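Observations on the model geometry
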Amino acid sequence: MKNDKNIFKQLAIFSVISLVFIILFNALLMPQLTKRSVKETNYSFFLNQLDDGNITQVKIEDSEIRFEVETDNGDKQVYSTGRMDDPELVDRLHKHQEIVFTENFEESNFLLEFLVSWVLPIIFFIVLWNILMKGMSKRMGGNSMSFGKSNAKVYVKAQTGKTFDDVAGQDEAKEALVEIVDFLHNPDKYAEIGANLPKGALLVGPPGTGKTLLAQAVAGEANVPFFSISGSEFVEMFVGMGAAKVRDLFKQANEKAPCIVFIDEIDTIGKKRDGNFSGNDEREQTLNQLLTEMDGFDGKKGVVILAATNRPESLDPALLRPGRFDRRIPAELPDLAGREAILKVHAKAVKTEEGIDYNAIARATAGASGAELANIINEAALRAVRSGRKFVSQSDMEESVEVVIAGYQRKNAVISQKEKEIIAYHEIGHALVAAKQKDSAPVHKITIIPRTSGALGYTMQVDEGEKFLMTKEEALARIATLTGGRSAEELIFNSCTSGASNDIEQATKIARAMVTRYGMSDKFDMIALETVTNQYLGGDTSLACSAETAAKIDEEINSIVKSAHEKAVKILTENMDKLHELAHFLLEKETITGEEFMDILNKESAVLL
Ligand code: ADP
Ligand code: MG
Ligand code: ZN
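Residues numbered from 1 in each chain as written. Chains lettered and ligands numbered in written order. Predicted model: local features only at pLDDT ≥ 70, side-chain atom pairs only at ≥ 80, totals over all residues. Heavy atoms only, no water.

**Focus on the confidence of the model for the protein**
Per-residue confidence for the protein gives a mean pLDDT of 83, with 89% of residues at or over 70. Confidence drops under pLDDT 50 across residues 141–146; counting only partners more than four residues distant or on other chains, this segment forms 14 contacts. (pLDDT = per-residue confidence, 0-100. Contact = heavy atoms within 4.5 Å.)

**Describing the site of ligand 1**
Lining the immediate surroundings of ligand 1 are 16 residues, of which Ala168, Gly208, Lys211, Thr212 and His346 lie closest. The contact in question runs from a nitrogen atom of ligand 1 to an N or O atom on the backbone of Ala168, over 2.7 Å. Between an oxygen atom of ligand 1 and a main-chain N or O atom of Thr209, the distance comes to 3.3 Å. Protein contact buries 79% of the 560 Å² of open area that ligand 1 shows by itself. For the shell around ligand 1, the residue count by class is seven nonpolar, seven polar and two charged. Three or more residues apiece are contributed to the shell around ligand 1 by two domains, here domain 3 (153–273 + 282–330) and domain 4 (336–406). (Near = heavy atom within 4 Å. Polar contact = N/O pair within 3.5 Å; in protein donor to acceptor, adjacent residues only side chain to side chain. Areas by Shrake-Rupley, 256 points an atom, 1.4 Å probe, with all protein chains shown as cover. Nonpolar A, V, L, I, M, F, W, Y, C, P; charged D, E, K, R; others polar. Domains from an automatic or database assignment.)

**Focus on helix α15 (residues 370–386)**
An α-helical turn contains 3.6 residues, so any two residues separated by three or four positions project in the same direction. For α15, spanning 17 residues, the distance from its first C-alpha to its last is 24 Å, which sits close to the expected 24 Å at 1.5 Å a residue. If you check which residues of α15 are buried, you get Gly370, Leu373, Ile376, Ile377, Glu379, Ala380, Ala381 and Ala384. Looking one or two places after α15, you find Gly388, whose phi comes out positive at around 70 degrees. (Helix = DSSP H or I, 4+ residues; strand = E, 2+ residues; numbered from the N terminus. Expected span 1.5 Å × (residues − 1). Buried < 20%, exposed > 50% of the residue type's maximum accessible area, 1.4 Å probe, protein only.)

**Examining the coordination of the zinc ion (ligand 3)**
Protein-derived ligands of the zinc ion (ligand 3) are His426 (NE2), His430 (NE2), Asp503 (OD) and Asp503 (OD), with the metal-ligand distances lying across 2.0 to 2.8 Å. Metal-centred angles of 51 to 147 degrees between the four donor atoms at the zinc ion (ligand 3) mark the site as irregular. Here the donor residues of the zinc ion (ligand 3) share one chain and are spaced in sequence as H-x3-H-x72-D. Taken together, the residues His426 in helix α17 (residues 417–435) and Asp503 in helix α19 (residues 501–516) connect sequence positions 77 residues apart. Like Asp503, His426 is buried. (Donors = N, O, S within 2.8 Å, 3.2 Å for Na, K, Ca; no water. Tetrahedral: all angles 85-135°; square planar, octahedral: opposite > 155°, others 65-115°.)

**Comments concerning the sheet that holds strand β12 (residues 443–447)**
Read across the sheet, three strands follow the order β13-β12-β16 without closing on themselves; strand pairing throughout is antiparallel. Either end of the sheet is taken by a strand with one partner, and the two such strands are β13 (458–461) and β16 (591–593). Averaged over all neighbouring strand pairs, the angle between strand axes comes to 10 degrees, with direction disregarded. One ladder, built from four bridges, connects β12 with β13; its direction is antiparallel. Its bridge partner lying in β13, Val443 is registered against Gln461. Contacting β12 and β13, helix α16 (residues 394–406) runs over the sheet at an angle of about 115 degrees to β13. (Pairing = 2+ DSSP bridges. Axes fitted to C-alpha atoms, helices over the stretch in contact; angles between N-to-C directions.)

**Here's the deal with the environment of Glu473**
Relative to the elements of secondary structure, Glu473 occurs in helix α18 (residues 472–493). Linking Glu473 and Gln437, residues 36 residues apart in sequence, is a C-alpha distance of 9.8 Å.

**Let's talk about the pairing of strand β8 (residues 226–230)**
With four of five residues buried, β8 lies mostly within the body of the structure. Pairing of β8 with strand β9 (residues 259–264), which is carried by five bridges, proceeds in the parallel orientation. Across the sheet, residue Phe227 finds its bridge partner in β9, namely Val261.

**Brief notes about unusual backbone geometry**
Here the phi dihedral of Glu265 falls at roughly 50 degrees; this positive angle occurs in a residue that is not glycine. On the secondary structure map, Glu265 appears in the loop between β9 and α10 (267–270). Taking the relative accessible area as the measure of exposure, Glu265 reaches 34% and is therefore partly exposed.

**Structural notes on the packing of α17 against helix α20 (residues 547–574)**
Each pair of packed helices gets described by two things: the angle between the helix axes and the distance between those axes. Their axes nearest at 9 Å, the elements α17 and α20 cross at an angle of 95 degrees. In terms of orientation, α17 lies roughly perpendicular with respect to α20. Listed contacts from α20 to Gly429, Leu432 and Val433 of α17 are Ala568, Ile571 and Leu572. Looking at the contact of α17 with α20, its residues break down into five nonpolar, one polar and no charged. (Parallel < 35°, antiparallel > 145°, perpendicular 65-115°, else oblique.)

This is the structure we're talking about:
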C-alpha cells in the first residue's frame, strides 16, 4: 500500500545515507585514528628498547622500521622510526630470539578494527532509526506507525457482562440475533439442511435505542470471541492505513472463527462513494477493503459481522447487497410496552418503593429512546438521594421525566407577577383547547415552574394507549392546541409575547408535514413534496418541488395554522369563565394535575347546566 511504500522508501534513503557515512568514516577518519596510535620515535630509542629486550614484534620495510614495545606492566605500543644504514641490524635483532618478524601489525587488530569501523556504526544507525521512528509515531498520534494493526478489542463472554435480559423491548432484533448466536453454537444443525447464515447483519435505528447494547449482549451470549471496533478507528491519517487495519481485523477473525466482528458506527467508513469532488482516498480504500474481505471469507466457517448505524441511507449500496450485510435489524424507538419493560430493567439496578406504576411513566414518555429511559431512572435515583430518601418513589420518577424532557426546575428564577399571570393564562389556554376537542390527548399536568431548558411553563398531554397513526383530525387538533397558548394571551391581555415561539415552531412543523408528506391538505393530492433525508437523526427533509409549488405550500401551511388559531380563539371565548378560574388556580398552585384540571372544568359545567 502507498503508506507501507512510504516507509520503505524512507528506510532505503536512511540506509543509503548511513552507508555513505560509514564508508566516509572509514576512508577519512579511521587511518588518522590508527595512525595516531603509532608513535614516531628516533633510532636510538629503537636501539635502547632492543637492548632492554622490550621489543616483541618488528617489521622492517625499505625506509621504515615498525616495532612493538611491551613495557613491564604489559602495555603495548607500536613505534615507527626511519631505517638507518645499519649493517648490524640483522645481528642485533637475531640476538633477541623472542622477537617476531611480522608482516602487518594491523592484522592482529583486524577483528577489533572491523568491529569499530563497520559493526558499531551500523548498530548505531539502527538504534538511531528506531528512536526516530518511535518519536515520529508518538507525534502522529500513537498508532499511525504500527503498520495498520487493528486495535479491535476482543471480548469473551464474561467481559461485556451483558445478556439479552439486559435488552428490553427490542424483541424483533433480539429474535434475529438469537438465531445468529444459535448458529455459532450449533453450526451443524444449519449445515445439515444446507442453510447459510447471513454473513452480516446491520443494526439500524435512532441513537440510544440499544444497538451497541444488543451487540454486547450477543457477545455475552454467544460464548465465542467477539471483536468490537468502532468505524472511526479505521479512519487514519495515511491512505491505506485503514485498509490495512481492516485486513488485520479479518485475519484475526478468521483465525479465531467461529467468532463475531462488531463494527459500531459503520457509516464513518461505509459512506456512499461518490465521484463528486476530490473524494476521500483513504475512506474509499478502507471501504473497498471491507467489501473485499466480506466477500472473501467462507460463510460456513462462522465469522458473523454485525454493524450498527443510525444513518443507513448514507451507506454504500455495495455494502448492503446480499452476501454482505444482507440482513437489516431495526432497533426502533420503543413502544409503550417496550418503554415499560426498559424502565423495569433499569429500575432493577436501583432501590425503589413497592408498587411503582411504570406504565404511567411509560405513557408519559412517548418517543423516548432506551437511553433516555435509562437516564430517567438514574435521575430519579439521584433525586431520591438528594432528598435524603433510601428508595426511589413514584414522584421521583415523574419529576425526572420532566427533567429529561424540559430540564431541571429553576426554583429561584425571579419572574414578575405580571409575567406569571401571562404564563398561567398561556398554559391554561393550551390545556383548555386540548380538553375541548375530542381528537386530543388528555391533559396530564400543567405547570408554570420555569425549567433550565428555557421553558417557562408547560402543559403535558399523555395518551391513554399507544398511537401509531395520526389522523388528519388529530393533527388539526394538535395544531389548535399549540395555538391555544397565544390565543389566550391575545384574548386576555390583548397583546402577544415571545413565549409562543416553540409552539409556533411545532405547529408549523406539523402543518408542513400534513401538506408535504401526509397528503392531508385540500390543495394538493397525494404527492410527496418533501422527502425525509435523515430518518433516524431528526428527520430532516428536503423539498422536491418547484419554487412556485413551494410558495403554494407556504400559503397552504399558513391557512391551516390560521384556521386552527381561529378555532382555538373560538373555544377559549366560549369558555372564558373557566379560562379565568383555571388560570387563577394555576397561578396559586404553580403545578396542577390533569385530574384537578378536569375537576374544575367539569364542576363548572355542571353548575352551568
Ligand atoms: P445506540 O443505539 O445509540 O448504540 P446504546 O446501545 O449505546 O445505543 O444504548 C445506550 C444505553 O441506553 C444503553 O447502555 C442502555 O443503558 C440503554 N438502552 C438503550 N436501549 C435499551 C433497551 N432496549 N433496553 C435496555 N436498555 C437500553
Ligand atoms: Mg451505539
Ligand atoms: Zn405554549
